[in-house]
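Spelled out from the first residue to the last, the chains are:
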Amino acid sequence: MPDEICAHAIRVRGVVQGVGFRPFVFRLARANALAGWVLNEEGGVEIHVEGKQAAMEGFLRDLKASAPPAAVITTIEVIPADPLGMHEFTIRASECRGRPAARISPDLPVCSECLSELFDPSNERYLYPYVNCTACGPRYSILLSLPYDRGNTTMQSWAMDTRCSAQYHDPGDRRFHAQPVACADCGPHYRLRAGTETTGIDSVAITRAAQLLTEGKIVAVKGLGGFHLACNATDPTAVNALRERKFRKEKPFALMVRDLDVARGLAKFSRDDESLLVSLARPIVLVPGRKQLDGVAPETDELGIMLPYTPLHYLLFASGAPAALVMTSANRSSEPIAYRDDDAFERLDGIADAFLVGERPIARRVDDSVARAGAVGTMILRRARGYAPGAVAGLRTGRPILAAGADLKNTITLVVDGEAIVSQHIGDLDHYEAFRAFEETIRDLLKMYDLDPTKVMVAHDSHPQYASTGFACGLGERRISVQHHRAHIASVLAEQGEWDRPVLGVAFDGTGYGDDGTIWGGECFAGSLRGGFERVAHLRSAALAGGDAGARDPVLASAGFLSQVGTLPNLCSAPFNFPPRYLRAVQLVEKGVRTFQTTSVGRLFDTVAALLGFTRPMSYEGQAAVWLEHLARQSRQVEALPLPLAGCELDFRGMLESVVQDRVRGREPAAIARAFHRGLAEGLACAAADLCSRFRLNTVVLSGGVFQNELLLEDLRDLMDGSGFEVWTNHAVPPNDGGISLGQAAIASVSHHT
Ligand code: ZN
Ligand code: FE
């Protein structure tokens, strides 16, 4: 009976707080002439709604179908209730009883409505750099504690004036309960600081900063999750000055461009690239460049490009800043990004010519994310702003888990009420500052979710010397040690929610501690998340000389691999021109001193890169592999070099022999690099087919830093398409060590200790 009065109690879970969900429910209920209330509670949003049956159906349909764009609904529970005879619909105050389990929304880019207000001279927020509403603006980066209310954000010290307050309290307004709401009369401001002088406010300061950028100066700009260093990307003098002052030799710089048209002029965007570029996370998107910008991304053909995402960025471009800016994390070399004003002034002194500083404090550092619309789907290479701290997987466990990740590209994962929440990218923990950031992030997230560190189960890498391992061992009583490459494979299965499916897991990687105490990195496993993974094949092992230096210097890394190649020409003469330190590494390998064994595919890449001309130490992690991929892309498809699976060993000897001989014969290095990539892809595809039939498997899982190589993935996709196997890789967390903490958490969630 459509006219009958009925009532429902509804619970909505997911990212539904701080994204305009309650006003949306309010408007929806009123539009359908329903009565009741909506409120935020710890688990999400609770709704009581009553009215005519027909109206109720429309309400329930639209609740999911037309939710605000930033909301991520995981479940809607609808239970019949007794009508209470209510006459209107209201938004009730938050209830706060126990632990806050509601998910925290990632930061959001400024929305189109706020943007039009920003540039509308008749609007009260005309040119105001902190304009925002319930559909946009900062979230995670201003949050001090849950629940998400103004008093728990870094906006707590600004009192709203009457106009802002009226909007904040009006359920029909776009700014109803928009926690950071502010205007130029009552809110924070931006100022420009050069030397000890602070001049200008908001648009005056921004215009001056735009002018400095045009003049070739370097300006530190306070953003959402930290400071950026900005300069004109088309001014090589400025770009090189930035490299010198920041001690960043060759690692590519990211760009922020004025709009999509500028982006399209600089690089080739597929439709998928563009949708990633304009997505709510607004990541840095890696795309093939159209032209080389001097000094921006040396020796790769990719550019990292992002669009403006805060009102300030839009104002900067509108005030005449160069249309393409280098926008790089404000720090020296690989320190964590600066996010506190005083710290930024101190650390960036001598790097930045001026500071464009906003008054609103940043609660925690959140770097820009890096992503690619890859050959096998979206790949996140650095997961931070716009994604963190979103949940990436549901784990079937009620127990809280803290996974400490790996020491490189560290992230941590917290499992709360069965949801895996992955932190923002933290960095390489061998830097003292990054290690402190790691400790801070653990404390921060445990506090946010009100978890007792002594009661959580702690998962960590099995490497005894990892700083993250050491820290984890000082935490809880219940600990589980997880082998690095099994964690890589588990991260993919956790994303897929596959607990029992038996798979062939292929982890190709730089460095990870193996079961036998050697350094692994070319591993094949058979098994499932719940049943465990047995190592069934691996790259043939080689000696690695020089410890950590060996991992940073392809010439050193090559000594052990090449010692297994039959006859070698003198590599210290042309065309190889290895430096004399190669001979010292050869001696270490021959005597077996200060060497360890490795099965790392990353080091195999380094060896081939050295043979093809990369004979200097790397200035950033993975550089030789990036260089080799770039080189290979300059050649058309060629025949593959051999990489046979002999027993349980992928044998690289024939492959390296061919590289050496081809080079001596004068073959183009680009063609050799291409043949190496193809060989790795074919070798892997054949080995996978072989192992899958041996162990009766039909799913292949790929993870580990090597799979950031897009050319390798393209080749693998071509080879394995139509092979009858399902091929899975990471999409929500990085295939590099940024995904390790999720894999650790997944393995901990099914371990017998739980
Ligand atoms: Zn907005
Ligand atoms: Fe790894």
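The paragraphs below set out a description of the structure included in this document. (Residues numbered from 1 in each chain as written. Chains lettered and ligands numbered in written order. Predicted model: local features only at pLDDT ≥ 70, side-chain atom pairs only at ≥ 80, totals over all residues. Heavy atoms only, no water.)

Digging into the nonpolar core
For step 1, the next point in the chain: Counting 116 residues, the largest nonpolar core has L356 and L628 as its most contacted members.
For step 2, the next point in the chain: Per-element accounting of this core gives the leading share, 13 residues, to helix α20 (residues 669–695). (Core = buried A, V, L, I, M, F, W, Y, C linked by side-chain atoms within 4.5 Å. Buried < 20%, exposed > 50% of the residue type's maximum accessible area, 1.4 Å probe, protein only. Helix = DSSP H or I, 4+ residues; strand = E, 2+ residues; numbered from the N terminus.)

What to know about the packing of aromatic side chains
For step 1, the next point in the chain: The tally for this structure, following the rule as stated, stands at 15 aromatic pairs.
For step 2, the next point in the chain: Ring geometry for F508 versus F707: centroids 5.7 Å apart, planes at 10°, classification stacked. Remark: F707 occurs in the loop between β30 (699–703) and α21 (710–720) and F508 occurs in strand β23 (residues 503–513); sequence separation between them is 199 residues. The pair F508 / F707 is uniform in exposure class, with both members buried.
For step 3, the next point in the chain: Look at W520 and F525: their rings are 6.5 Å apart centre to centre, the planes differ by 45°, and that puts the pair in the tilted class.
For step 4, the next point in the chain: Residue classification places W520 among the buried positions, given a relative accessible area of 1%.
For step 5, the next point in the chain: Feature note: the residues Y128, Y130 and Y190 constitute an aromatic cluster, connected by ring pairs.
For step 6, the next point in the chain: Looking at R92, its charged tip hangs above the ring of W37, at a distance of 3.9 Å from the centre.
For step 7, the next point in the chain: Here the basic side chain of R193 rests over the ring of F345, its NZ or CZ set 3.7 Å away from the ring centre. (Phe/Tyr/Trp six-rings, centres within 6.5 Å; stacked < 30°, edge-to-face > 60°. Lys NZ or Arg CZ within 6 Å of the ring centre and 35° of its normal.)

Re the coordination of the zinc ion (ligand 1)
For step 1, the next point in the chain: Coordination of the zinc ion (ligand 1) by the protein comes from C111 (SG), C114 (SG), C133 (SG) and C136 (SG), over a distance range of 2.2 to 2.4 Å.
For step 2, the next point in the chain: The site at the zinc ion (ligand 1) holds 4 donor atoms, and with the angles between them running 100 to 118°, its shape is tetrahedral.
For step 3, the next point in the chain: In the primary sequence, the donor residues of the zinc ion (ligand 1) line up as C-x2-C-x18-C-x2-C. Separated by 19 residues along the polypeptide, C114 in helix α3 (residues 112–118) and C133 in the loop between α3 and α4 (162–169) bring together distant segments of the chain.
For step 4, the next point in the chain: Classification of C114 as buried rests on a relative accessible area of 0%.
For step 5, the next point in the chain: Owing to a relative accessible area of 1%, C133 belongs among the buried residues under this scheme. (Donors = N, O, S within 2.8 Å, 3.2 Å for Na, K, Ca; no water. Tetrahedral: all angles 85-135°; square planar, octahedral: opposite > 155°, others 65-115°.)

Let's talk about the coordination of the iron ion (ligand 2)
Each angle at a metal carrying four tetrahedral donors should ideally be 109.5 degrees, and each at a metal carrying six octahedral donors should ideally be 90 or 180 degrees.
For step 1, the next point in the chain: Here the iron ion (ligand 2) is held by H484 (NE2), H488 (NE2), D509 (OD), D509 (OD) and D737 (OD), and the distances to it run 2.0 to 2.7 Å.
For step 2, the next point in the chain: Written as a sequence motif, the donor arrangement for the iron ion (ligand 2) is H-x3-H-x20-D-x227-D. Remark: D509 occurs in strand β23 and H484 occurs in helix α13 (residues 484–496); sequence separation between them is 25 residues.
For step 3, the next point in the chain: Judged by its relative accessible area of 4%, D509 falls in the buried class.

What to know about α21
For step 1, the next point in the chain: Taken residue by residue, α21 has E710, L711, L712, L713, D715, L716 and M720 as its buried positions.
For step 2, the next point in the chain: You can read the cap of α21 off the contacts: a side-chain oxygen lies 3.1 Å from the backbone nitrogen of L711, and it is on N709. (Polar contact = N/O pair within 3.5 Å; in protein donor to acceptor, adjacent residues only side chain to side chain.)

A short note on the packing of helix α15 (residues 554–562) against helix α16 (residues 581–591)
For step 1, the next point in the chain: Packing of α15 against α16 brings their axes to within 8 Å, and their N-to-C directions diverge by 40°. Classified by the angle between their axes, α15 and α16 sit oblique to one another. For α15 against α16, the interelement crossing comes out right-handed. Together, V555, L556, S558, A559, G560 and L562 of α15 and R581, Y582, A585, V586 and V589 of α16 make up the contact between the two elements.
For step 2, the next point in the chain: Looking at the contact of α15 with α16, its residues break down into 8 nonpolar, 2 polar and 1 charged. (Axes fitted to C-alpha atoms, helices over the stretch in contact; angles between N-to-C directions. Parallel < 35°, antiparallel > 145°, perpendicular 65-115°, else oblique. Left-handed = near helix turned anticlockwise from the far one by under 90°. Contact = heavy atoms within 4.5 Å. Nonpolar A, V, L, I, M, F, W, Y, C, P; charged D, E, K, R; others polar.)

Topic: the environment of A393
For step 1, the next point in the chain: As for its position among the elements, A393 is in strand β17 (residues 391–394).
For step 2, the next point in the chain: According to the relative accessible area criterion, A393 is buried, its value standing at 9%.
For step 3, the next point in the chain: As a C-alpha pair, A393 and L84 span 309 residues in sequence and 38 Å in three-dimensional space.
For step 4, the next point in the chain: When near neighbours in sequence (up to four residues on either side) are disregarded, A393 contacts G418, E419, A420, A494, E495 and L742.

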